[in-house]
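A closer look at the structure
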Amino acid sequence: MRFEHKDLLDIESLSVKDINMILDTAEGMKEISNRPIKKVPTLRGKTIVLFFQEPSTRTKLSFDIAAKRLSADTISISSGSSSIVKGETLIDTAKNLESMNPDIIVIRHPSSGAAELISRRVKASVVNAGDGLHAHPTQALLDMMTVREKKGRIEGLNIAIIGDIAHSRVARSNIEGFTKMGATVTVSAPPTMIPKGVEKLGCKVASDIESCIENADVVMMLRIQKERQESILFPTEREYSMLFGLNTNRLKGAKRDVLVMHPGPMNRGVEINSDVADGEHSFILEQVTNGVALRMAVFYLVAGGIKSAD
Amino acid sequence: MKIRLKGARVLDPKNIDDFKDIIISDGKIEAIVDPDYKTDPYTQVSESPESNMRDTKSPFSTHDGNNIIEIDITGMVAVPGLIDLHVHLREPGYEYKETIETGLKAAAKGGFTAVCPMPNTSPVNDNSSITAFMVSRAKELQNSKFSSVQSISSDKLGVERLYSGVCKLFPVGAITKGLQGESLCEYSDMKKAGMVAISDDGRPVQNARVMRRAMEYAKGLGLPVISHCEDIDLARDGAMNEGVVATKLGIKGIPNASESTIVMRDIALAELTGASLHIAHVSCEESVDAIRNGKQRGVKVTAETAPHYFTLTDEAISRYDTNAKMNPPLRTERDRQAVIAGLVDGTIDTIATDHAPHSLLEKDVEFDRAAFGIVGLETSLGLSMKLVQDGRLSLDNLIEKMSKRPASILGINNDLKAGNPADITIIDLDAFWSVNPKTFLSKSRNTPFTGFSLKGEVYMTIVDGKIAYQRES
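Note that the coordinates shown come from a computational prediction; the quantities given were computed from them, not determined experimentally.

What follows covers the overall build of chain A. The helix and strand tally for chain A stands at 12 helices and nine strands. For chain A, the C-alpha radius of gyration of 19 Å lies close to 19 Å, the compact-globule estimate for 310 residues. Principal-axis analysis of the C-alpha atoms places the extent of chain A at approximately 55 × 45 × 35 Å. When the 310 residues of chain A are sorted by exposure, 59% land in the buried category. Sequence-distant contacts in chain A: of pairs separated by 6 or more residues, those separated by 24 or more amount to 73%. Of the roughly 12900 Å² that chain A leaves accessible, carbon and sulfur atoms contribute 51%. With 40 positive and 38 negative side-chain charges, chain A shows a separation of 3 Å between the mean positions of the two kinds.

Rendered as structure tokens:
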């Protein structure tokens, strides 16, 4: 079986079969990170460009480690150091990168659709590490991987996602991914953070956190961005926390074996209290661990999978 | 020298709809006559072949020793020249996108005999010197020898002298200096230089008090006020219609209310002041309802929409197509149907293009960074004809909306009648064609309609009795 996609741009373009293949591959990759010598020669001689036009620590690090554990060479370009600040257009930058023959370009960009725009112009595989408010497919895949690992399945589970759905690419990709895999997704937030027509993506909308969490197998909290206060989405962090913050008491409404997840970085005391973040239900650090394996799997598959592994 | 347009159906809504010949002399319509009408020189048509020449491949023939040129347009429909109340010609300031020359040639190709360029040039058309520059540049082009006709197949007959460059230009001036929304421009001085209306298109007046004063002052000068209705705060950061498609794509939305609230405000101000208000590019249901209501109240309000609003919805953006990004944005199917209903019941008076040329520099970029706007002059008639073919508008209605109403809003009588300027659009109703941006005379190619198959095409555009455009075959 082969992975049929040149790029990984969003969850929408993946089939259930594709997602299972990625998750299966990632599970196999996980063991490599536990070896004393954490490196396999699979992508030796391949060049991976990490083209990050937005601040990022963990995602970039995760992609970088994933690449290096597969023996690929990585080069990082970030917003401050790139010619974008000198007025070069995104397409010109992409074409220049292309001229140096990279095999994979990982891109994070503040504009929705930027990864797709680049993918149409370059021969290299493009992996979307987050484009605007649109998609963050590797995050959704590592979340699905974590859920499948802990629960043994995704189908039939109740997934609650709470936070700024309107401005979250993680939420969009997770709604599409979990729904596609047969889970029921319910989102909740103040109405200012629920985008118009979100039900059309396949999720339900709950007006309060309690009904959203009720009977949930997974509770996923999204980061509340402090700068959003300027766009008048909520009055204060204090009030947000009172209405939509996750604490031990609220978590009681969920199933007894509920998983608590967060894509990070967390605002402790705002969307999530420390008692939950550090509690027995929290699998937030497992997400980070799985992120490396998942990204190794993505590199391996878009680079040609079995063929190049020979 | 005279021209006789022969054989066409002459359609001037509420005036003529019959097979007539139009005789043009000195740039004006001399007479509209029955096909068998004979003027003196015509009596010689067959008798003296040495004074009559005919080129079998061309519609042209000469009579009376070249003093009369007949143009055979059998099978075509001749209508009063189309007028576009809303275009952007980008000169002065953005000549890399469009110039007055390329814009007016594109307009002539689209069947327009006059267009009204908006003032958001650089510098802004907020004083009489810019207005005068635009008018004189257009006159110079109109009187020049060249033509948008790319190859005059054979010119044994000397019909070259029939051709002119371009269509007419009626500039729209700014409401406020520098489009800053603060102080009024010298409307009277600009009117003397040729300005026909005022608008802060693209950067709408946010302050209701300023808008009120502008309307009052313009009323005293008999100038219509064209309003681009948008609440900038509500629309902030938005790049497409707020709705399911935007949610899916992760693009920030522009709600219908950012348009309709200002439509309602400006209708209230027109009621207060008695000014003539023209609502630009209506895109959504709530605006159509507000205008319908205003008209019922007797407010002097007219409105336009553009072909993209009754042809496309926000689904056209599904793959981040920046050529489907404009302001106001493409809305939903419900809005599209409301706009069509507004055209049908007369709430929306006119069809304009909002022709907004942009180069690849502004369009071949990330969606949220791309400029708003599409070109429209060369596709407007073909797209609008679809409404006729679908039985939504009669051909009469369409010509009203693309020619007669725009003229009356500007205070022009463009009836096809003796004494009026010979501004005539000749349409081949049965021609099928496909939109190919490579054939555009506009400098820019930013259209979402590439590959659209359309029926109904401009055959010839006559401006002041000269041919500003002629289809090649």
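As a further point, take the overall build of chain B. Within chain B, the regular secondary structure consists of 13 helices and 23 strands. Compactness check: chain B gives a C-alpha radius of gyration of 22 Å against a globular reference of 23 Å for 473 residues, within 12% of the reference. When the backbone C-alpha atoms are referred to their principal axes, chain B occupies close to 75 × 50 × 40 Å. For chain B, long-range pairs separated by at least 24 residues make up 73% of all intrachain contacts whose partners lie at least 6 apart in sequence. Counting only carbon and sulfur atoms, one obtains 49% of the accessible surface of chain B, whose full area is about 17500 Å². In chain B, 55 positive and 65 negative side-chain charges are present, and the distance between their average locations comes to 2 Å.

At the junction of the two partners, chain B supplies 17 residues and chain A supplies 26 residues. Interface area, chain B with chain A, both sides summed: about 1800 Å², of which 51% is carbon and sulfur. Where chain B touches chain A, the interface holds three salt bridges. The partner of Glu-116 of chain A in a salt bridge is Arg-319 of chain B, with the nearest N and O atoms 2.6 Å apart.

Another aspect to go through is the sheet that holds strand β1 (residues 47–52) of chain A. Residue and element names in this part refer to chain A. With parallel pairing, the four strands of this open sheet are ordered in space as β2-β1-β3-β4. For this open sheet the edge positions go to β2 (73–78) and β4 (125–131), each flanked by a neighbour on one side alone. Put simply, the sheet's adjacent strands are angled 15° from each other on average, direction ignored. Each of β1, β2 and β3 (104–109) touches helix α3 (residues 90–99); the most contacted strand, β1, lies at about 160° to it.

What follows deals with the packing of helix α12 (residues 380–389) of chain B against helix α13 (residues 395–409) of chain B. All names here are of chain B. In contact at an axis separation of 9 Å, α12 and α13 are set at 145° when each is read in the N-to-C sense. When you trace α12 past α13, the crossing you get is right-handed. Facing α12, whose interface residues are Ser-380, Leu-381, Ser-384, Met-385 and Val-388, α13 presents Leu-395, Leu-398 and Met-402. A class-by-class count of the residues in the contact of α12 with α13 yields six nonpolar, two polar and no charged.

Another point: the environment of Lys-192 of chain B. All names here are of chain B. Among the secondary structure elements, Lys-192 is positioned in helix α3 (residues 187–192). Accessibility expressed as a relative area gives 71% for Lys-192, which makes it exposed. Residues Lys-192 and Val-245, 53 residues apart in the sequence, show an inter-C-alpha distance of 47 Å.

The next subject is the pattern of salt bridges. Pairs can form between side chains of opposite charge whenever their charged atoms are close. Within this structure, the stated rule accounts for 48 salt bridges over all chains. Between Lys-150 of chain A and Glu-149 of chain A there is a salt bridge, with the nearest N and O atoms lying 3.3 Å from each other. By relative accessible area, which is 34% here, Lys-150 of chain A ends up partly exposed. According to the relative accessible area criterion, Glu-149 of chain A is partly exposed, its value standing at 28%. Note that Asp-266 of chain B and Arg-265 of chain B form a salt bridge whose closest N and O atoms lie 2.9 Å from each other. By relative accessible area, which is 15% here, Arg-265 of chain B ends up buried. Taken together, the shared-partner salt bridges in this structure form one network comprising Glu-101, Lys-105, Arg-137 and Glu-140 of chain B.

An α-helix turns once every 3.6 residues. As a result, residues three or four positions apart point the same way. Residue and element names in this part refer to chain A. A rise of 1.5 Å per residue sets the reference length of helix α6 (residues 169–180), with its 12 residues, at 16 Å; its end C-alpha atoms lie 16 Å apart and thus fit the reference within 8%. For α6, the tally of buried residues reaches 10 of 12 residues, placing the bulk of the element in the interior. Those residues of α6 not exposed but buried are Arg-169, Val-170, Ala-171, Arg-172, Ser-173, Asn-174, Ile-175, Glu-176, Gly-177 and Phe-178.

Attention now moves to the pairing of strand β23 (residues 466–470) of chain B. Residues and elements named next belong to chain B. Counting buried residues in β23 gives four out of five residues, a clear majority hidden from the surface. As paired strands, strand β22 (residues 453–463) and β23 are joined by four bridges and run antiparallel to one another. Residue pairing for β23: Thr-461 is matched across the bridge by Tyr-469. In this antiparallel pair of consecutive strands, β22 and β23, the connection spans two residues, and Asp-464 shows a positive phi of 50°.

All names here are of chain A. Looking at the largest pocket, its volume works out to about 1200 Å³. Glu-54, Arg-108, Gly-132, Arg-169 and Gln-225 are, among the 47 residues lining the largest pocket, the residues nearest its centre. Per-class residue counts for the lining of the largest pocket are 16 nonpolar, 17 polar and 14 charged. In this structure, the second largest pocket encloses a volume near 830 Å³.

What follows concerns the sheet that holds strand β2 (residues 9–12) of chain B. Residues and elements named next belong to chain B. Pairing is mixed across the open sheet formed by six strands, whose spatial order is β3-β2-β9-β21-β22-β23. Where the open sheet ends on each side, the last strands, each with one partner, are β3 (16–19) and β23. Strand-to-strand, the axes of this sheet are offset by a mean angle of 25°, without reference to chain direction. Sheet topology places β2 next to strand β9 (residues 77–80); two bridges connect them, and they run parallel. Paired with Val-10 across the strands is Ala-78, a residue of β9. Lying on the sheet, α12 is in contact with β21 (424–434) and β22; it crosses β22 at an angle near 120°.

Calculation notes
Counting from 1, residues in each chain are numbered in the order their sequence is written. Starting at A for chains and at 1 for ligands, labels are handed out in the order in which the entities are written. The predicted origin of the model limits local features to residues at a pLDDT of at least 70 and limits the giving and counting of side-chain atom pairs to 80 or more, whereas totals for whole chains, interfaces and linings rest on all residues. Side-chain numbers come from the whole structure's heavy atoms, not from hydrogens or water. The helix and strand labels rest on DSSP assignments: H or I over at least four residues marks a helix, E over at least two residues marks a strand, and numbering proceeds from the N terminus. For the radius of gyration, the atoms used are the C-alpha atoms, and the globule rule reads 2.2 Å times the number of residues raised to 0.38. When accessible area is computed with a 1.4 Å probe and restricted to protein chains, residues below 20% of their type maximum are described as buried, those above 50% as exposed, and intermediate ones as partly exposed. The contact definition used throughout considers only heavy atoms, calling two residues in contact when any of these lie within 4.5 Å. Methods summary: accessible areas were calculated by the Shrake-Rupley approach with a probe of 1.4 Å, and residue burial reflects only the protein chains presented. Only four residue types enter the tally: Lys and Arg on the positive side, Asp and Glu on the negative side; His and the chain ends are excluded. The atom standing in for a charge is NZ when the residue is Lys, CZ when it is Arg, CG when it is Asp and CD when it is Glu. By convention, the term buried area covers the 1.4 Å-probe accessible surface removed from two parts as they join, with the contributions of both added. Every case where a carboxyl oxygen of Asp or Glu lies within 4 Å of a side-chain nitrogen of Lys or Arg is listed as a salt bridge. Two strands pair under a simple rule: DSSP has to find at least two bridges between them. Helix axes are fitted to C-alpha atoms over the stretch in contact, other axes to C-alpha atoms as well, and angles between N-to-C directions run from 0 to 180 degrees. The hand of a helix crossing depends on one turn: near helix anticlockwise from the far one by less than a right angle means left-handed, and clockwise means right-handed. Residue polarity is assigned by list, with Asp, Glu, Lys and Arg as charged and Ala, Val, Leu, Ile, Met, Phe, Trp, Tyr, Cys and Pro as nonpolar; anything else, Gly included, falls into the polar class. Each helix should span, by expectation, one fewer than its residue count multiplied by 1.5 Å. Here a cavity denotes a set of grid points, spaced 1 Å apart and computed over the protein atoms alone, in which a 1.4 Å probe fits but from which it cannot get out, and a pocket denotes an open set meeting protein on both sides within 12 Å along at least five of seven lines; residues with an atom within 4 Å of a point are reported as lining. Grid points are joined across faces, edges and corners, and a volume is the space filled by probe spheres set on the points.

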